[in-house]
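Residue strings, one per chain:
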Amino acid sequence: MGGLFSFAGPSRLARITPIFAGLGRPAAPPDRREESLFHWRTSLRLSVVKISLAGENSPAMALPDFVVVILAAGKSTRLRSNLTKVLHRVGGHPLVEHVARACRPLGARALLVVVGHQSSEVAAAVAPLGARAVLQQPQRGTGHALVVARKAIGGRAKYALVVPGDAPLVRTETLRSLARAHQTGQAAATVLSAQLADPTGYGRILRSQDGRVAAIVEQSALTEDQRGINEINSSIYCFTLAKLWPCLAQLRPANVHRELYLTDVIALLSQQGETVLAQVAADPQEVLGCNTRAELSEVDRTFRQRKRDALMEAGVSILLPETVLIDPEVEVGADTVLEPCIQLLGKTRIGRGCTIRTGSVLRDTLLGDAVIVEPHCVVVSSRLGNGAMIGPFARLRPQAELRAGARVGNFVEVKKTVLAEGAKAMHLSYLGDARIGAHTNIGAGTITCNYDGTRKHPTTIGKRVFIGSDTALVAPVRVGDGAYIAAGSTITDNVPPGALGIARGRQVNKPGWVAARRREAAAAHSARPASKRASRKKPRPKPRRKAAAARKRRNPSRRRR
Ligand code: UD1
Ligand code: CA
């Protein structure tokens, strides 16, 4: 099984990151004591590490003066959904989780998420990423969300980086560069803007004659000539908190939704002569918000494409890539070929030189190297060792394990079962709660009868066993090494090593039986009087009432034909 785990895990940098991110401020996860100890010890060696590991998440790049606030309390009116918007999934994660993942490596002093609708579910989605929830109840707008967050932000942070929970494509680097621009520009507010070909639905950036940001105008409040503006507000901003708080107090719900809009802060700051900057996103796709189902699917498409591009870059072949759906945490080794119309989901890890053929779906499954998955297999929470082969049309349910070179063929279902090295079950079988020894052959149509109606029972089959076709193994039962089972057997007792188990009715052949029967039938026919023979063509008379009543008494449930 070594090969199963031979492919690279998370990169060294990725594994080390949480510890070093913690040196900036928000410590490594507090429940991981070992890591914190390590953190203390390593802090002494920090200067050395800084040089060798100065990557995007190193403490040198942390933002200790910043608090990140993710706005995720709103409802999903435009999605027409019972599920709150930020919990809708794109690219394999809820929207808000993508946002938190992008924010976490910034190394801000705190990561807050403002929750309201389905608050506990939203909080739970981002808690593993170190986000602390702040409850906004009721939700009176994006400006009100920050009023509510004020206490949690506290007095120590200088700046807030505000990110909406529905902009899942945003990248860490873009957020970091916005924060840097805000600091170096000594601005009161810096807005991340974008130029969109179709800006409909977004707030627009209004600039004054000298190009400075004067205000943000929501779609519903646009004048006729403002509709042409295609620089939009992404809802991602940096604020200098000392300047923000007084403006929030001045917000009024003077809009169609009777809400306090955070966007109105921009005009207030600008009117007070404060510096308000806008940084235009290099890639406008990054700031797309998801207000409609169509936008959700567009964003999902972008995520999937990013993932496929990254895998192809790393040496994976993907045929008709736009038909292949791969979740973000999936790993695939080089020289593996992914055929059209497959799905690789959850934490699936695939080794090198594998082939996953069309129509197959793999979830949370580990594949070693050189594994072949023939078309239309469904595999969940299973492991396939080096050189294993399955399908076409195989179904592997949780805890199926095929060790090196094991094979499972068409219409075979495997559950909580180990097939050791080189074992085979090629046709039409159900193998549940079983252990199958190395190089054992399971014949077509073999069934492990593992369920007695109340409990599951194990079947244990040794090495180099031959199970004949159409065998029923009534568990609990054991078949010893090297044993043979005769085809068509119903095995209820253990079979010792090297024995033949045979459990079926004995066959009787009756020579000439068919011809004799035909002769008898012909003789009976010609012995009948001619009148009777002719009357056969007439419709049969209905059974007399008495006879019918008697039949019903004998067999009340039987319906008349
Ligand atoms: C907002 C901006 C708009 C911008 C667009 C970008 C405002 C008034 N408008 O509009 O200028 O172009 O984002 O996508 O800000 N939320 C709360 N509490 C609330 C209301 C909303 O936490 O009381 C959260 C929502 O859950 C959401 C985020 O804030 O994650 C943005 O709200 P949303 O309703 O999507 O704003 P938009 O109408 O898209
Ligand atoms: Ca939005």
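Residues numbered from 1 in each chain as written. Chains lettered and ligands numbered in written order. Predicted model: local features only at pLDDT ≥ 70, side-chain atom pairs only at ≥ 80, totals over all residues. Heavy atoms only, no water.

> Sorry if this is basic, but what is going on with the pattern of salt bridges here?
Between side chains of opposite charge, a pair can form when the charged atoms approach closely. A full pass over the atoms with the stated rule returns 19 salt bridges. Residue Arg304 pairs with Asp300 through a salt bridge whose shortest N-O separation is 3.3 Å. In this pair, Arg304 and Asp300 both sit in helix α10 (residues 293-313), 4 residues apart, roughly one turn of the helix. A salt bridge links Asp327 to Arg304; the nearest nitrogen and oxygen atoms lie 2.8 Å apart. Placement of Asp327 in the loop between β13 (325-326) and β14 (331-332) and of Arg304 in helix α10 is noted, with a sequence separation of 23 residues between them. Across the pair, Arg304 and Asp327 agree in class, each one buried. Here the salt bridges share partners, and the residues they tie into one network are Glu97, Arg101, Glu329 and Lys347. (Salt bridge = Lys/Arg side-chain N within 4 Å of Asp/Glu carboxyl O. Helix = DSSP H or I, 4+ residues; strand = E, 2+ residues; numbered from the N terminus. Buried < 20%, exposed > 50% of the residue type's maximum accessible area, 1.4 Å probe, protein only.)

> Help me understand the site of ligand 1, please; the structure alone is not making it clear to me.
Taken together, 23 residues sit near ligand 1, with Leu71, Gln136, Gly141, Glu218 and Asn233 positioned nearest. Leu71 is positioned such that a nitrogen or oxygen atom in its backbone is 2.8 Å from an oxygen atom of ligand 1. Note that an oxygen atom of ligand 1 is positioned 2.9 Å from one of the side-chain N or O atoms of Ser235. Against a free-state accessible area of 750 Å², the protein chains account for coverage of 91% of ligand 1. Mapped onto the shell around ligand 1, the elements with two or more residues apiece are β1 (66-72) and β10 (231-240). Examining the composition of the shell around ligand 1, we find that 3 residues originate from one element, β10, more than from any other. Grouping the constituent residues of the shell around ligand 1 by class yields 6 nonpolar, 12 polar and 5 charged. (Near = heavy atom within 4 Å. Polar contact = N/O pair within 3.5 Å; in protein donor to acceptor, adjacent residues only side chain to side chain. Areas by Shrake-Rupley, 256 points an atom, 1.4 Å probe, with all protein chains shown as cover. Nonpolar A, V, L, I, M, F, W, Y, C, P; charged D, E, K, R; others polar.)

> What's the story with the coordination of the calcium ion (ligand 2) in this structure? I'm lost.
Expected angles at a metal are 109.5 degrees for tetrahedral coordination by four donors and either 90 or 180 degrees for octahedral coordination by six donors. Taken together, Asp166 (OD) and Asn291 (OD1) make up the protein donors of the calcium ion (ligand 2), found 2.3 to 2.7 Å from the metal. Of this pair, Asp166 sits in the loop between β6 (159-164) and α7 (172-184) while Asn291 is found in the loop between β11 (276-280) and α10, placing the two residues 125 residues apart along the sequence. Note on accessibility: Asp166 and Asn291 belong to one class, buried. (Donors = N, O, S within 2.8 Å, 3.2 Å for Na, K, Ca; no water.)

> So what exactly am I meant to see when it comes to the packing of helix α6 (residues 142-153) against helix α8 (residues 241-250) here?
If you want to describe how two helices pack, look at the angle between their axes and the distance between the axes. One way to put it is that α6 packs onto α8 with a least axis distance of 10 Å and a crossing angle of 130°. With respect to α8, the element α6 is oriented oblique. Every pair of crossing elements has a handedness; the one defined by α6 and α8 is left-handed. Between α6 and α8, the contacting residues are Gly143, Leu146, Val147, Arg150 and Ile153 on the first element and Leu241, Leu244, Trp245 and Leu248 on the second. Residues that form the contact of α6 with α8 fall into these classes: 7 nonpolar, 1 polar and 1 charged. (Axes fitted to C-alpha atoms, helices over the stretch in contact; angles between N-to-C directions. Parallel < 35°, antiparallel > 145°, perpendicular 65-115°, else oblique. Left-handed = near helix turned anticlockwise from the far one by under 90°. Contact = heavy atoms within 4.5 Å.)

> Would you mind showing me how to read helix α4 (residues 95-103) here?
An α-helix turns once per 3.6 residues; consequently, residues spaced three or four apart project the same way. Taking burial as the measure, the 9 residues of α4 include 8 buried ones, the bulk of the element. Looking only at α4, the buried set comprises Leu95, Val96, Glu97, His98, Val99, Ala100, Ala102 and Cys103.

That is the geometry; function is a separate question.
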